[in-house]
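Tertiary structure, described
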Amino acid sequence: QVQLVESGGGLVQPGGSLRLSCAASGSIFNIRDMNWYRQAPGKQRELVAAISSGGTTKYADSVKGRFTISRDNAKNTMSLQMNSLKPEDTAVYYCNMGVLISQRDGYEYSYWGQGTQVTVSS
């Protein structure tokens, strides 16, 4: 099994910053894409940022220029640096990773973290 653990959520004022981290552990051969999703109450879960194994990044238009996704392949971790936070960024943030369990099995399994609450309010 693979477990993803998130940290770094909390309460911050508008314009402030937070850094979310996600650490993967377990039976991991390699990790392909790493993603951050968020979900506000009553809304669909949306992709916030993604980074490929090669380092290519993508961002939702709503966070572009404010958020930065990064990864550390040696530690099987990824982070989301969130700057200039807005009230509309308030949501539960989930990390997601595509994990290769073994070299023989090329199937990519998708794993999710438990989620961490980010609240932006004055």
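Before going into details, it helps to say that this report is about the structure given with it. (Residues numbered from 1 in each chain as written. Predicted model: local features only at pLDDT ≥ 70, side-chain atom pairs only at ≥ 80, totals over all residues. Heavy atoms only, no water.)

With respect to the sheet that holds strand 8 (residues 77–82)
Through backbone hydrogen bonds, the strands of a sheet pair up, either in parallel or in antiparallel fashion. To keep things clear, this is the line we draw: Two strands qualify as a pair provided DSSP detects at least 2 bridges between them. A run of H or I in DSSP becomes a helix once it reaches four residues, and a run of E becomes a strand once it reaches two; helices and strands are each numbered from the N terminus. With axes taken as lines fitted to C-alpha atoms, and helix axes fitted only over the stretch in contact, angles between N-to-C directions fall between 0 and 180 degrees.
An order of 1-3-8-7 is seen for the four strands of this open sheet, with the pairing classed as antiparallel. A strand with exactly one partner marks an edge of an open sheet, and here the two such strands are strand 1 (2–7) and strand 7 (67–72). Ignoring which end each strand starts from, the neighbouring axes of this sheet average 15° apart. As paired elements, strand 1 and strand 3 (residues 18–26) share six bridges and run antiparallel to each other. Bridge pairing in strand 3 links E6 to C22.

Examining the pattern of salt bridges
Applied cut-off: One speaks of a salt bridge when a side-chain nitrogen belonging to Lys or Arg is within 4 Å of a carboxyl oxygen belonging to Asp or Glu. Under the scheme applied here, a residue whose accessible area is under 20% of the maximum for its type counts as buried, over 50% as exposed, and between as partly exposed, the area being computed with a 1.4 Å probe on protein chains only.
All chains considered together, the criterion is met by five salt bridges. The shortest N-O distance in the salt bridge between R32 and E108 comes to 3.0 Å. Of this pair, R32 sits in strand 4 (residues 30–39) while E108 sits in strand 10 (residues 108–112), and the two are 76 residues apart along the sequence. According to the relative accessible area criterion, R32 is partly exposed, its value standing at 42%. Classification of E108 as partly exposed rests on a relative accessible area of 29%. With a closest N to O distance of 3.4 Å, D61 and K64 form a salt bridge. This pair shows no difference in class: D61 is exposed, exactly as K64 is. Salt bridges sharing common partners tie together R38, E46, R66 and D89.

Digging into the side chain of T116
Using the following cut-off: In what follows, residue pairs with any heavy atoms lying within 4.5 Å of each other are defined as contacts.
Relative to the helices and strands, T116 resides in strand 11 (residues 116–120). You can call T116 buried: its relative accessible area is 12%. Setting aside anything within four residues of it in sequence, one finds T116 in contact with E6, G9, L20, A91, V92 and Y93.

Considerations on the state of the cysteines
Going by this rule: Pairs of cysteine sulfur atoms within 2.5 Å are what we label disulfides.
The final tally for this structure, using the stated rule, is one disulfide. Here C22 pairs with C95 through a disulfide, and the sulfurs are 2.1 Å apart. Its S-S torsion of approximately 50° makes the covalent link between C22 and C95 right-handed. Pair noted here: C22 is in strand 3 and C95 is in strand 9 (residues 91–100), with a separation of 73 residues, a long-range link. C95 matches C22 in its accessibility class, with the two residues each being buried.

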